[in-house]
Amino acid sequence: MPKKPNRTDLQNYVPAGNGDESGEYRGGTSTSEGMHDSDCENYRKVLEAKKEALGNAFNPASKPEEELVRDPNKQSTEFNKEKYFKTYTLNDKDTSFFVSKYDEMNDFGKKQIAELSSKMDTRFDRSLSGTGSFVVHLNDLNGGTVIIPGDDNRANRVMAHEYGHAIDFNFGEEGVFASSSVHLSNGRTMEDAVCNHANAVDRSRISDLFYEFHDEVGKLTSKVCEQEGISKEDIERATSLNTELARTEAQFYHETYNNRELQGRKEEIMNKKVAEKGFSPSEIDTLKKIYKRVSEIKSKSLAELQPKWAVISDYYGYIDGEGYLMGCGHSVDYYRKRGGYSAVTREVFAELTEQRFNDEANYQFTKSKMPDVVEAYEELYNKIKSGVIKSLKERRG
Ligand SMILES: [Zn+2]
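### Section: the overall build of the chain
Here comes step 1: Per the secondary structure count, the chain includes 16 helices and 5 strands.
Here comes step 2: The burial tally for the chain puts 38% of its 397 residues in the buried class.
Here comes step 3: Taking as baseline every contact in the chain between residues at least 6 positions apart, the subset at least 24 positions apart corresponds to 75%.

### Concerning the pairing of strand β5 (residues 145–149)
Two faces belong to every sheet, and in a regular strand the side chains alternate between them.
Here comes step 1: Burial within β5 is extensive, with 5 of its 5 residues counted as buried.
Here comes step 2: Of the two faces of β5, the one carrying Thr145, Ile147 and Pro149 and the one carrying Val146 and Ile148 are both buried.
Here comes step 3: The pairing of strand β4 (residues 133–136) with β5 spans 3 bridges and is antiparallel. Bridging from a neighbouring strand, Val135 pairs with Thr145 of β5.

### Side note on unusual backbone geometry
Here comes step 1: Phi is positive for Tyr324, close to 45°, though the residue is something other than glycine.
Here comes step 2: Relative to the helices and strands, Tyr324 resides in the loop between α11 (281–320) and α12 (332–337).
Here comes step 3: Residue Tyr324 is classed as partly exposed on the basis of its 16 C-beta neighbours within 10 Å.

### A look at the confidence of the model for the chain
Fine structural detail should not be taken from predicted coordinates in areas where pLDDT scores are low.
Here comes step 1: Of all residues in the chain, 75% have pLDDT values of 70 or greater, and the mean over the chain is 78.
Here comes step 2: Every residue in residues 1–47 is under pLDDT 50, and counting partners more than four places away or in other chains gives 114 contacts.
Here comes step 3: Between residues 51–87, whose pLDDT stays under 50, and residues either more than four places distant or in other chains, the model counts 76 contacts.

### What to know about the nonpolar core
Here comes step 1: Val146, Met159, Tyr315, Val348, Val373, Tyr377 and Leu380 are the most contacted members of the largest nonpolar core, which has 61 residues in total.
Here comes step 2: Apart from the residues lying within four places of it in its own chain, the contact partners of Val348 are Val194, Val311, Tyr315 and Val373.
Here comes step 3: Listed in part, the 9 residues of the second largest apolar core include Ala238, Val274, Leu287 and Ile290.

### A word on helix α13 (residues 341–358)
Here comes step 1: For α13, which comprises 18 residues, the first-to-last C-alpha distance of 25 Å matches the rise-based estimate of 26 Å (1.5 Å per residue) to within 8%.
Here comes step 2: Counting buried positions over the 18 residues of α13 gives 17, a clear majority of the element.

### Some points on the environment of Arg346
Here comes step 1: By the element assignment, Arg346 lies in helix α13.
Here comes step 2: On the neighbour-count criterion, Arg346 (30 C-beta atoms within 10 Å) is buried.
Here comes step 3: It is 9.3 Å that separates the C-alpha atoms of Arg346 and Met190, two residues lying 156 residues apart in sequence.

### Quick word on the packing of helix α8 (residues 232–255) against α11
For any two helices packed against each other, the geometry comes down to the angle between their axes and how far apart the axes lie.
Here comes step 1: Their axes nearest at 9 Å, the elements α8 and α11 cross at an angle of 100°. For the element pair α8 / α11, the angle class is roughly perpendicular. Along the contact surface, α8 presents Asp234, Ile235, Arg237, Ala238, Thr239, Leu241 and Asn242, while α11 presents Ile284, Leu287, Ile290, Tyr291 and Val294.
Here comes step 2: For the contact of α8 with α11, the class distribution of residues is 8 nonpolar, 2 polar and 2 charged.

### Here we look at the packing of helix α6 (residues 190–200) against α13
Here comes step 1: It is the contact of α6 with α13, at a shortest axis distance of 9 Å, that shows an interaxial angle of 105°. When the axis of α6 is compared with that of α13, the two are roughly perpendicular. Between α6 and α13, the residues in contact are Met190, Glu191, Val194, Cys195 and Ala198 and Tyr341, Ser342, Val344, Thr345, Val348 and Phe349, respectively.

### Regarding the environment of Tyr324
Here comes step 1: The sequence separation of Tyr324 and Ala310 amounts to 14 residues, and the corresponding C-alpha distance is 9.2 Å.
Here comes step 2: If sequence neighbours within four positions are ignored, Tyr324 has contacts with Ser313, Gly317 and Gly329.

Basis of the calculations
- Residues numbered from 1 in each chain as written.
- Predicted model: local features only at pLDDT ≥ 70, side-chain atom pairs only at ≥ 80, totals over all residues.
- Helix = DSSP H or I, 4+ residues; strand = E, 2+ residues; numbered from the N terminus.
- Buried ≥ 20, exposed ≤ 12 C-beta atoms within 10 Å, placed from the backbone.
- Contact = placed C-beta atoms within 7 Å.
- Pairing = 2+ DSSP bridges.
- pLDDT = per-residue confidence, 0-100.
- Core = buried A, V, L, I, M, F, W, Y, C linked by C-beta atoms within 7 Å.
- Expected span 1.5 Å × (residues − 1).
- Axes fitted to C-alpha atoms, helices over the stretch in contact; angles between N-to-C directions.
- Parallel < 35°, antiparallel > 145°, perpendicular 65-115°, else oblique.
- Nonpolar A, V, L, I, M, F, W, Y, C, P; charged D, E, K, R; others polar.

So this is what it looks like as structure tokens:
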């Protein structure tokens, strides 16, 4: 278990424009990173081996010398000064945790971080709240700090996501993200591509995507059910019982309103009513269990497919005006408070980076759905990687 940080170890940070605290990556709240003391001996070896490849990214973050002061000249930037994050300086175990998360990325992702780290002053920190974010010190516009949750099986994805925000920030104009400030070959920015795409989307496109997603969830759910020996007929019967129970329950509350005696006999009365519809008591028990299991399988299928659909869910959810199209992403309000489509663009940049660094197939899937936006992203990314655009650090010499 890592040593609990004391108050003086805690640092104040302000999340940069993105601030993923909205729940996108809300994971466990424990700060344990699942390591045993015996692992400690190995961390330095692991770390030394990786350090060369990772440049200075894993050096412990320096502690701020003074309280954060908001520079009035930076008013126009989109930093969110209201939300302060508490983090603490990395210890050796944390560092080895980061290395292990880095190792979980695909070869492309690892290569990107290894090569970009020397051009960026970006540090890593562990989140105490179980959320990921990318933050910038307001009194010193350095390359920012990537904060990832310590106890989350998606931490490799969070790491790539927040690192995506870091890339976006480091290669943009001072205080403005690259996705909003760097002009591409057509004279437009990635943000323009995101806006143009959004303007061209109509309702039927949104509902097509929505049904395509649920169709995939349904197929995956059926497949798992079949493997577990739950037949289609079982599912249909369990579903109709569930509908019947819901109706009966509504009826029950209506009829027994203010009748304590009857309310105490809820289960008995409901079972009797449902039996009248042709469900025997023993069948009811079995079907309830089946329904519960099918619901669990469905939730798992949803969760499994969300990384694939994450960009579309978040982006199209905003276009749709309701948010969370496939159940994940940020709220519409979250984006409105952060500048609308420029905030959406930053998220698309980070989410594409997250997919590309971890699941190439998911990235290609997103590209097939919104090629114009992903091509703008790739052109911007290539400009960054080829050195056409200099980082904050490089520009300062
Ligand atoms: Zn984000």
